[in-house]
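# Fold and geometry: a report
Read off the chains here:
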Amino acid sequence: MDRALMKGCEAIAESAVRAGCRFYSGYPITPQNEIPEYFARRMPQVGGIFIQGESEIASANMVIGAGMAGARAMTSSSGPGISLKSEALSSMAAVGVPAVICNAMRGGPGTGSITHAQSDYLQATKASGHGGFQMIVLAPSTVQEAADLTYMAFDLADRDRNPVLLLIDGLIAAVTEPVNLPDFREVDINAKEWAVRGRGNGPRKLCSHGDPSEAAIERQNLRMAAMIDTWQKDIMVEKYLVEDAETIIAAYGTSARICHGVVDELRARGQKIGMIRPITVNPFPYEAFESLNHDLVRHILVVEMTVPAQMVYDVKLGVCGRIPISTYGRSGGMLVKHQEIIEKVEQLNREVAE
Amino acid sequence: MKTLYEHPKSLFTQANRFCPGCSHATVTKLIGEVIDELGIESKIINVLAIGCAGLHGECLNVDVFPALHGRAPAAATGIKRVRPDSIVYAYQGDGDLASIGLCETIHTANRGERFTTIFINNAIYGMTGGQMAPTTLIGQKSTTSPNGRDAETAGSPLKMCELISQLDAPQYVARFAVNNVPNILKTKAGIKKAFEIQMYNNGYAFVEILSACPTGLGMSPSAAINFVEQKMMPVYPLGVFKEPKGDEK
Amino acid sequence: MVNIVIHQEKCKGCLFCVSACKKGVLIPGTSPNKKGYHYIKAEKPENCIGCKMCSIICPDAAIELFKEDD
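Nothing here was measured: the structure is a model prediction, and the numbers come from that model.

## Thoughts on empty space enclosed by the protein
Residue and element names in this part refer to chain C. Per the counting criterion, the structure on display carries one cavity of 30 Å³ or more. Counted as a void, the largest cavity has a volume near 80 Å³. Surrounding the largest cavity, 13 residues form its lining, Cys11, Cys14, Cys17, Cys58 and Pro59 being those nearest its centre. Residue classes in the lining of the largest cavity are distributed as 10 nonpolar, one polar and two charged.

## A word on the nonpolar core
Of all hydrophobic cores here, the largest spans 121 residues; its most connected members are Met74(A), Phe289(A) and Ile300(A). The greatest single-element share of this core, amounting to nine residues, is contributed by helix α6 (residues 143–160) of chain A. Looking at which domains feed residues into this core, each of domain 1 (2–233) and domain 2 (237–353) of chain A gives three or more. Aside from chain neighbours lying at most four places away, what touches Ile300(A) is Ile248(A), Ala250(A), Phe289(A), Leu292(A), Val315(A), Val319(A), Ile323(A), Pro324(A), Ile325(A) and Ser326(A). Ranked by size, the runner-up nonpolar core spans 59 residues in total, among them Ala53(B), Val64(B), Ala194(B) and Leu217(B).

## Section: the interface of chain B and chain A
Between chain B and chain A, the contact holds 31 residues from the first and 34 residues from the second. Per-residue buried area on chain B facing chain A is highest for Asp63(B), Leu68(B) and Arg83(B); these three make up 25% of the total on that side. On inspection of chain B and its partner chain A, the count reaches two salt bridges. Two residues, Asp63(B) and Lys205(A), come together in a salt bridge whose shortest N-O distance is 3.2 Å. Across the chain B-chain A interface, the total number found is 15 residue pairs in polar contact (both at pLDDT 80 or more).

## Points about the sheet that holds strand β1 (residues 2–6) of chain C
Here we have three strands laid out as an open sheet, ordered β1(B)-β4(C)-β1(C), and antiparallel in their pairing. What marks the edges here is a single partner per strand, and that holds for β1 (2–5) of chain B together with β1 of chain C. The average angle at which neighbouring strand axes cross in this sheet is 25°, direction not considered. Alignment of β1(B) against strand β4 (residues 63–67) of chain C, held across three bridges, turns out to be antiparallel. Bridging across to β4(C), Lys2(B) finds its partner in Lys67(C).

## Regarding the interface of chain B and chain C
On the chain C side, the residues contacting the 30 residues of chain B number 25 residues. Contact with chain C buries area across many residues of chain B, yet Met1(B), Leu4(B) and Tyr5(B) alone supply 30% of it, more than any other trio. Linking chain B to chain C there are zero salt bridges. Our enumeration of links across chain B and chain C arrives at 12 residue pairs in polar contact (both at pLDDT 80 or more). At four residues, the largest contribution of residues to the side of chain B that touches chain C is made by β1(B). Considering only residue class, the side of chain B that touches chain C consists of 17 nonpolar, 10 polar and three charged.

## A closer look at the pairing of strand β5 (residues 116–121) of chain B
Residue and element names in this part refer to chain B. Taking burial as the measure, the six residues of β5 include six buried ones, the bulk of the element. Of the two faces of β5, the one carrying Thr116, Ile118 and Ile120 and the one carrying Thr117, Phe119 and Asn121 are both buried. Direction of pairing for strand β4 (residues 87–93) relative to β5: parallel, over a ladder of five bridges. Residue pairing for β5: Ala90 is matched across the bridge by Thr117. With six bridges connecting them, β5 and strand β7 (residues 205–210) associate as parallel partners. Looking across to β7, one finds that Thr117 is bridged to Phe206.

## What about the sheet that holds strand β14 (residues 325–329) of chain A?
All names here are of chain A. The five strands lie next to each other as β9-β11-β10-β13-β14, forming an open sheet whose pairing is mixed. What marks the edges here is a single partner per strand, and that holds for β9 (237–240) and β14. Between one strand axis and the next, the sheet turns through 20° on average, direction left out of account. For strand β10 (residues 247–250) and strand β11 (residues 273–278), the ladder comprises four bridges, and the chain directions are parallel. The residue bridging Thr247 from the neighbouring strand is Ile273, located in β11.

## Side note on the domain arrangement of chain A
All names here are of chain A. If you check the domain split of chain A, you get domain 1 (2–233) and domain 2 (237–353). Measuring from the centre of the C-alpha atoms in domain 1 to the corresponding centre in domain 2 gives 29 Å. Each side of the interface is counted separately: domain 1 has 31 residues, and domain 2 has 25 residues. Counting each side, the surface lost to burial between domain 1 and domain 2 is near 2,200 Å², with a carbon and sulfur contribution of 49%. Considering only the side of domain 1, the residues that lose the most area to domain 2 are Gln118, Tyr121 and Ser141, jointly responsible for 32% of the buried surface there. Between domain 1 and domain 2 we count three salt bridges in total. The closest approach of N and O atoms between Glu145 and Arg277, which form a salt bridge, is 2.7 Å. There are 22 residue pairs in polar contact (both at pLDDT 80 or more) connecting domain 1 and domain 2. Going through the elements one at a time, α5 (121–126), β6 (136–138), α6, β7 (163–169) and α7 (170–174) are the ones with two or more residues in the side of domain 1 that touches domain 2. A total of four residues in the side of domain 1 that touches domain 2 trace back to one element, the largest contributor, which is α5. Tallied by class, the residues present in the side of domain 1 that touches domain 2 amount to 16 nonpolar, 10 polar and five charged.

## Describing the packing of aromatic side chains
Residue and element names in this part refer to chain B. Going through the model one piece at a time under the given rule, you end up with eight aromatic pairs over all chains. Measuring from ring centre to ring centre gives 5.5 Å for Tyr89 and Phe195, while their planes differ by 80°; the resulting arrangement is edge-to-face. In this pair, Tyr89 is assigned in strand β4 and Phe195 in helix α7 (residues 181–201), connecting sequence segments 106 residues apart. The buried category is assigned to Tyr89, whose relative accessible area is 0%. Plain terms: the ring middles of Phe115 and Tyr204 are 5.8 Å apart, the flat faces sit at 90° to each other, and that makes the pair edge-to-face. Here Phe115, found in the loop between α4 (102–111) and β5, pairs with Tyr204, found in the loop between α7 and β7; they are 89 residues apart in sequence, far enough to count as distant. Overall, the relative accessible area of 0% leaves Phe115 in the buried class.

## A look at α4(B)
The set of residues buried in α4(B) consists of Glu104(B), Thr105(B), Thr108(B) and Ala109(B). For α4(B), the buried positions fall inside an angular range of 125° around the axis, keeping them on one side. Buried residues along α4(B) sit against α3 (56–68) of chain A together with α2 (72–82), α3 (94–100), α6 (160–164) and β7 of chain B.

## With respect to unusual backbone geometry
All names here are of chain A. Here Asn282 and Pro283 are connected by a cis peptide whose omega angle stands at 0°. Tracing the sequence through the fold places Pro283 in the loop between β12 (280–282) and α10 (286–290). A cis amide bond links Val307 to the next residue, Pro308, at an omega of 0°. When you line up the elements, Pro308 lands in the loop between β13 (299–304) and α11 (312–319). At Arg161, a residue that is not glycine, the phi angle is positive and equals roughly 50°. Mapped onto the elements of the fold, Arg161 is located in the loop between α6 and β7.

Analysis parameters
- Residues numbered from 1 in each chain as written.
- Chains lettered and ligands numbered in written order.
- Predicted model: local features only at pLDDT ≥ 70, side-chain atom pairs only at ≥ 80, totals over all residues.
- Heavy atoms only, no water.
- 1 Å grid on protein atoms, 1.4 Å probe; cavity = no way out; pocket = protein on both sides within 12 Å on 5 of 7 lines; lining within 4 Å.
- Points joined across faces, edges and corners; volume = space filled by probe spheres on them.
- Nonpolar A, V, L, I, M, F, W, Y, C, P; charged D, E, K, R; others polar.
- Core = buried A, V, L, I, M, F, W, Y, C linked by side-chain atoms within 4.5 Å.
- Buried < 20%, exposed > 50% of the residue type's maximum accessible area, 1.4 Å probe, protein only.
- Helix = DSSP H or I, 4+ residues; strand = E, 2+ residues; numbered from the N terminus.
- Domains from an automatic or database assignment.
- Contact = heavy atoms within 4.5 Å.
- Buried area = accessible area lost by both parts, 1.4 Å probe.
- Salt bridge = Lys/Arg side-chain N within 4 Å of Asp/Glu carboxyl O.
- Polar contact = N/O pair within 3.5 Å; in protein donor to acceptor, adjacent residues only side chain to side chain.
- Pairing = 2+ DSSP bridges.
- Axes fitted to C-alpha atoms, helices over the stretch in contact; angles between N-to-C directions.
- Phe/Tyr/Trp six-rings, centres within 6.5 Å; stacked < 30°, edge-to-face > 60°.
- Arc of directions from axis to C-beta.

Structural data, given as structure tokens:
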């Protein structure tokens with residue numbers, strides 16, 4: 001295991017290379033340019049392929065081709081670029097292309113801001129494109145976790161023949177931290193018997209729902225639903241000091257980094273507060289909220305870098321109305337502020353006391 | 001007994017789903033013949049477009065990957081880069097290649113990706129029901145140009161061979177037609193040459209084929225062939241626009 | 001003598017072959033196949049010189065030609 005000091009983007013790219021990713025195609029867009037830049041330098045060293053696509057759309061479709069040909073393949077982008085890739089994501093799910101996609105989220109709709117935001121939660125977890133497919137969505141809050149989850153993402157994508165989304169923001173992308181890099185993996189592109197390569201002497205590979213009938217598409221939808229059911233075992237969640245907590249903060253990614261400090265400071269002041277941090281935001285750890293003792297927990301504060309709040313809908317589904325839920329958020333690329341979160345918690349404490 | 005003409009081996013024997021007189025069927029048959037003659041059926045990968053071109057994938061006993069609308073060049077790029085020993089061709093119609101996928105078409109050609117593009121230009125959208133294509137002629141009526149294509153508002157027909165041949169990287173750029181026997185034989189030779197360039201010269205080849213769409217044009221098969229000859233050919237002249245140096249014949 | 005094999009289920013009656021045949025061998029058919037197309041008919045096979053024009057122009061590979069040993 002190698003230890004290095006790396007930016008989030010670099011750690012993601014290096015971890016992908018170590019996971020056996022040998023094809024990357026992407027189009028420059030801030031705040032994730034260090035990912036294509038890293039691959040541009042790194043891929044030639046490992047016999048991999050880097051292509052700067054002419055667009056987000058072309059890049060995602062090159063990844064479809066590479067994934068369909070058997071390679072571990074990846075693309076990355078930010079907000080508007082992910083929207084452009086959404087048709088390709090839907091196609092990956094439909095055709096069964098394993099691929100890893102990283103979204104460094106932007107603030108707000110349209111072009112948005114390029115710093116740090118969590119505006120794409122609902123898009124990422126519920127509908128990254130048309131047609132009702134889903135992806136496993138991994139949301140790291142440190143560079144180490146970004147590297148580990150990237151490595152894991154390729155295995156999940158191959159296991160399910162489905163795209164996997166790594167959901168980060170400008171802070172995780174740019175922050176530099178020490179990271180233990182995973183070991184190198186060799187991946188045989190001929191191991192996937194379904195991959196196109198020319199039919200050889202065998203039957204031809206159609207690599208699609210060759211049957212476009214309604215019944216065939218429904219069967220495909222049912223297969224997808226069954227696959228999504230199997231994801232319960234993949235749920236990852238951090239429960240931080242929740243056992244005796246009377247106040248629960250729910251946050252993921254960069255918001256959770258900041259909320260860690262909030263919980264530590266308020267604990268030091270004697271408050272019984274904890275945090276639930278979904279690491280897989282899809283599948284969402286509903287159980288972590290369902291299992292909260294509603295006699296003990298007086299309120300839940302959902303902290304997100306987006307306004308209006310988005311993850312709060314999943315928290316509500318888990319809580320089922322048993323515990324009051326509030327939100328605190330900043331948007332447009334503004335970080336949630338440590339002191340503002342503390343003030344919000346104290347305000348909620350006062351309201352509950354009344 | 002001597003065989004004068006037999007069904008191409010790589011072409012499935014069941015009937016295709018193209019309309020009567022559709023040039024897609026002619027070109028599909030020719031590709032089958034070329035695959036047989038070059039003996040490449042085991043290593044060829046067909047990247048399909050959306051539209052009637054998609055029906056092509058049902059016809060040949062080769063690996064097929066159906067790309068999204070306009071994205072066959074990008075998907076073919078990914079496949080060929082990962083599998084450089086395979087022989088890859090993108091099979092696209094005019095809406096797919098010259099309208100929604102124009103960006104991918106130009107950039108793929110400009111990178112000199114080492115695969116072959118077969119471009120069916122029939123000056124109309126077939127699958128969706130006869131709408132205006134980027135290659136629809138000035139004055140040509142379609143369901144979305146009911147008074148005929150007007151250059152003032154809809155621009156002029158896109159001449160893809162002329163565009164692609166301006167680029168440095170493409171090795172072979174040629175336009176053919178399948179309106180009569182001599183032109184069908186020339187088209188077949190052009191397709192074969194394009195595949196050979198991929199196999200031996202390792203370069204990008206672009207073959208445009210003027211095609212008849214009787215259904216989309218609302219014509220009989222023979223009238224659609226006349227349309228190709230009399231209306232399309234003056235706008236889209238046949239010929240080789242670019243070929244490898246030292247190989248000019 | 002040329003053995004003209006017309007695959008009735010593949011023929012769509014576009015009649016390109018009828019126009020291409022200079023010897024009047026092929027004529028439009030009157031019987032429909034399963035898809036409803038009136039497949040062509042070899043009316044005068046004895047006139048066939050094996051020039052292959054019909055096979056080459058047929059979009060659907062519906063005409064195969066074999067030259068029988070004389």
